[in-house]
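The lines below spell out each chain.
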Amino acid sequence: MVADKALIIDNEPKSIAKLSQSLKKMGFLVEEESDCYGALERIRNGNGEFDIIFIEQTMPTRCGLDILRDIQSSNCKSCVIFMTEKPDLKTIVTTMQEGAFSFLKKPIDYNSLDDIVHKGMENRRALFQILEMDDQLMKSNNKLKKEKSSLKKVNHELNLLNQLSLQINSTLDAHKMVDMVAHSKFKGLVAHDTVLFFYNLGNDFFLRIYSPTIPLANATIEKFKGDAVKEYSLTTGKSLNADAIHTKVIKRKTRKESTHKQSSRSTEKTTFIPLKVAQNTLGMMALVGTQKLKRNHLKLLSTMTNQMALALKNATEHQRIQELAITDDLTGLHNRRAFQKFLDRELRR
């Protein structure tokens, strides 16, 4: 097997040497570069793409964010990890929005480096799985060129997925992202009446039920909650307390409200699709309707939920970073920045 390749872009020889030694122990083939432009030349003209790239944020000639943007413009699919001595919240959020996987504070805690690198490589493999699925969809399109009506339908579906992808990646608010998906045009791809989203943020679990019939009976809500907890537990092996789940029912517009009112709950089918990133289940999406989903529908939903899972992961990381910015590491208490934020809010109120 060919070993994974790593590139370290840093202008501190001691930092490069220590990080390089640790990566080599993990089995990486390591290349080092202290010049920004030399590093970009290696990435663009290298024989093989680097699997993981470490970038020092405060390089002398160009900042790390500029290097990241150049890397992204070259269609590089490496896992990028930033390093700096004094990270600030704005820089961390911006770099992650631009495509970085994680942020390391110098001096590096080498006890946690192995775990960060492992997760980064898993995230990269998940990206390739999504790209492979997109590639399969493109190949399917080419086969359908002779059938004009079928090709038009597939192109319409891909267009909706593309629009939805842009919406999903336009926010770091998990609740807002879920609302966008529920009210988007994806409902035109598959026939269903009600959609559920069950997901985890920090220590809290949320269940959002989007239904054309409001209000829902308590028995129906409890059934949906029980089904979501059961499916999540079967997928992850984790037990949950249904009473601790934050549940919200939201009105969902549909053209088939009359059909929904006449349908029987006993004939409805619930199809769960996990929201996964690198085998880590972050939540579940469920469609409730009287029609069984077809294989091509499940494939489209799988592509969509992969994008949702990555966006949900970014939202979780964003929330964690925000919490770290307003709490003391040692005591867990709110710090001066949090106090100022609360004071500003109360003064406005």
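As the structure is a prediction and not an experimental result, all values here were calculated from the model.

Here we take up the overall build of the protein chain. Helices and strands together make up the secondary structure of the protein chain, namely 11 helices and 10 strands. The buried share of the protein chain, taken over its 349 residues, is 42%. Contacts in the protein chain between residues at least 24 apart in sequence constitute 63% of all its contacts with a sequence separation of at least 6.

Before going further, it helps to examine helix H3 (residues 64-73). Within H3, burial applies to Gly64, Leu65, Ile67, Leu68, Asp70 and Ile71. Looking at the packing, one finds that the buried side of H3 touches strand E1 (5-9), helix H2 (36-45), strand E3 (52-56), strand E4 (79-84) and helix H4 (89-97). In the segment just after H3, Asn75 is the residue with positive phi, at about 65°.

To continue, consider helix H7 (residues 174-182). Restricting attention to buried positions, one finds in H7 the residues Ala174, Met177, Val178, Val181 and Ala182. In an axial view of H7, the angular spread of the buried residues amounts to 135°, which keeps them on one side of the axis.

So, about the sheet that holds strand E6 (residues 194-201). Strand order in the open sheet made by the five strands is E8-E7-E6-E10-E9, with mixed pairing throughout. Strand pairing shows two members of the sheet lacking a second neighbour, strand E8 (246-251) and strand E9 (269-277), which therefore form its edges. On average, each strand axis in the sheet is tilted by 15° relative to the strand beside it, whichever way the strands run. Sheet topology note: the E6/strand E7 (residues 204-211) ladder contains seven bridges and is antiparallel. The partner of Leu196 across the bridge, within E7, is Ile209. Sitting on the sheet, H7 touches E6, E7 and E8, and the angle it makes with E6 is about 165°. Where helix H8 (residues 218-236) meets the sheet, it contacts E6, E7, E8, E9 and strand E10 (280-289), and its direction lies at approximately 140° from that of E10.

Looking now at the pattern of salt bridges. Following the criterion strictly, the structure yields 10 salt bridges and no others. Lys106 is paired through a salt bridge with Glu56; the nearest N and O atoms lie 2.7 Å apart. Linking Lys106 in the loop between strand E5 (102-105) and helix H5 (110-143) with Glu56 in strand E3, this pair joins segments that are 50 residues apart in sequence. Of the two residues examined, Lys106 and Glu56, each falls in the buried class. Across the salt bridge formed by Lys223 and Asp227, the nearest N and O atoms sit 2.8 Å from each other.

What counts, and where the lines are drawn
Residues numbered from 1 in each chain as written. Predicted model: local features only at pLDDT ≥ 70, side-chain atom pairs only at ≥ 80, totals over all residues. Heavy atoms only, no water. Helix = DSSP H or I, 4+ residues; strand = E, 2+ residues; numbered from the N terminus. Buried < 20%, exposed > 50% of the residue type's maximum accessible area, 1.4 Å probe, protein only. Contact = heavy atoms within 4.5 Å. Arc of directions from axis to C-beta. Pairing = 2+ DSSP bridges. Axes fitted to C-alpha atoms, helices over the stretch in contact; angles between N-to-C directions. Salt bridge = Lys/Arg side-chain N within 4 Å of Asp/Glu carboxyl O.

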